Amino acid sequence: MRPFRQILTLMLTVTLAACVSAPNRSATRPATAPAPTYQNPAPSAPPVSNTARKRPNPALVQEIEQLWRTFPGKTGIAIKRIDGEWEFGHRIDEYFPQQSVSKLWVAMTMLDKIDQGRASLSDPIRIGKEDLTLFHQPMAVEVEREGAVVKSVYTLLEKALASSDNTANDALLRHAGGPEAVRKFIDKNNLGKIRFGPGERLLQAGIAGMEWKQDLSYRRSFYAARAKVPVERRRQSLDAYLADPVDGASPRAIVHALDKLARGELLSANSTKLLQSILKRTRSGPNRLKAGVPAGWEFLHKTGTGQVLGAVATGYNDIGIMTAPDGTRYAVVVMLGDTTASIPERMRMMQAVTRAVGRYHPG
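In this text the structure is predicted, and so the values were computed from the model without any measurement. (Residues numbered from 1 in each chain as written. Predicted model: local features only at pLDDT ≥ 70, side-chain atom pairs only at ≥ 80, totals over all residues. Heavy atoms only, no water.)

A. Just the packing of aromatic side chains, in detail. A full pass over the atoms with the stated rule returns 5 aromatic pairs. Ring geometry for tryptophan 297 against tyrosine 330: centres 6.2 Å apart, planes inclined by 20°, an arrangement best described as stacked. Residue tryptophan 297 is located in the loop between α14 (269-280) and β7 (298-304), and its partner tyrosine 330 is located in strand β10 (residues 329-339); the two are separated by 33 residues in the primary sequence. What makes tryptophan 297 buried here is its relative accessible area of 14%. With relative accessibility at 3%, the residue tyrosine 330 sits in the buried group. Counting every residue linked through ring pairs, the aromatic cluster contains Trp86, Phe88, Trp297 and Tyr330. When the ring centre of phenylalanine 96 is taken as reference, the NZ or CZ atom of lysine 74 above it lies at 4.7 Å. Geometry around tyrosine 316 places arginine 288 over its ring, the cationic atom sitting 3.7 Å from the centre. (Phe/Tyr/Trp six-rings, centres within 6.5 Å; stacked < 30°, edge-to-face > 60°. Helix = DSSP H or I, 4+ residues; strand = E, 2+ residues; numbered from the N terminus. Buried < 20%, exposed > 50% of the residue type's maximum accessible area, 1.4 Å probe, protein only. Lys NZ or Arg CZ within 6 Å of the ring centre and 35° of its normal.)

In structure tokens, the structure reads:
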């Protein structure tokens, strides 16, 4: 009887298994991946293979190396998978001029002060003619017309980051506590090889071999005065700056800082969301890294552009966070310390970097 019972049990088991439908995988998978948002500063990474998490695609590494090797001038490139364990790049531990990339650290320092309850987004800040800077400062028109304006911290964050307004950034810098406050924020968060200079006016005057005077901030006065500086003096000052930039940062340090920002490790959840939302609206550099980001991906970034002397352009940068439709994030940094490449050539190289990241994404 025992063999008969065993056979009967087996038949019942097979019958029951046949009555249970196999899971419908297509029914449980969304037709399209949900669009990523920045409401959650540290979204969970999608399930991927250990290989994709631990090592970049060799073809991606090879393509980036080819771009780096063939581009003229001193170039730094760093790429980091935020939701994985890999990073790679070239000249990633050398100092490169940041220029307006450094506005990101000013904004973080200001938001950190707000997180501590020592300031508010609604704080009014007066900006007069004595506060104007140089180069890109759209606010100058309003200030010169009105004599002085009052703007909230929130408005200045938007202008400094999304529009890269130098006067807005300097106003935030003063309210945050000055250059030393930014340096303390960098040290407190162990951001590594990131320097912060003396502020826009002193930085740019020094690069040009000039002493800053406030009347240089009005309209094109700085350009006119710089044109009178002997070329050799300008070249010496520029070379000294490039050799040891007072506002320098390494590509590795910046991708690590972007990684920490994306994970919500630098600021409160609210401040992280606010900063990311503004960086997503960045209007400068639309044809740099952003133009190579694949359709359907999200991108937030900050650009930087230095002075030009003869055929040499300096401090031409873009840094950002790419988010794939499946939620995977990559920190990307491209910094051109100095180059003789034309503006279209620089843009095409940057676009090629983000395009390659998207092409080799394992999703």
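Still more ground to cover, so stick around.
B. View of the confidence of the model for the chain. Per-residue confidence for the chain averages 88 on the pLDDT scale, and 86% of its residues sit at or above 70. Low pLDDT, under 50, characterises residues 1-46; the stretch is placed with 34 contacts to residues that sit more than four places away or in other chains. (pLDDT = per-residue confidence, 0-100. Contact = heavy atoms within 4.5 Å.)

C. Structural view of helix α15 (residues 343-359). In this model, α15 (17 residues) spans 24 Å end to end at C-alpha, consistent with the 24 Å of a helix rising 1.5 Å per residue. Among the residues of α15, those classed as buried are Arg346, Met349, Met350, Gln351, Ala352, Val353, Thr354, Ala356, Val357 and Gly358. Contacts from the buried residues of α15 go to α4 (58-70), β1 (74-81), β9 (312-323) and β10. (Expected span 1.5 Å × (residues − 1).)

D. Highlighting the nonpolar core. Judged by nonpolar contacts, the single largest core of 58 residues is most densely connected at Trp105, Met108, Ile254 and Leu275. Examining the composition of this core, we find that 8 residues originate from one element, helix α5 (residues 103-115), more than from any other. Contact partners of methionine 108, with chain neighbours within four places excluded, come to Phe185, Leu261, Leu266, Leu267 and Leu275. Of all hydrophobic cores here, the second largest spans 26 residues; its members include Leu289, Phe299, Met322 and Tyr330. (Core = buried A, V, L, I, M, F, W, Y, C linked by side-chain atoms within 4.5 Å.)

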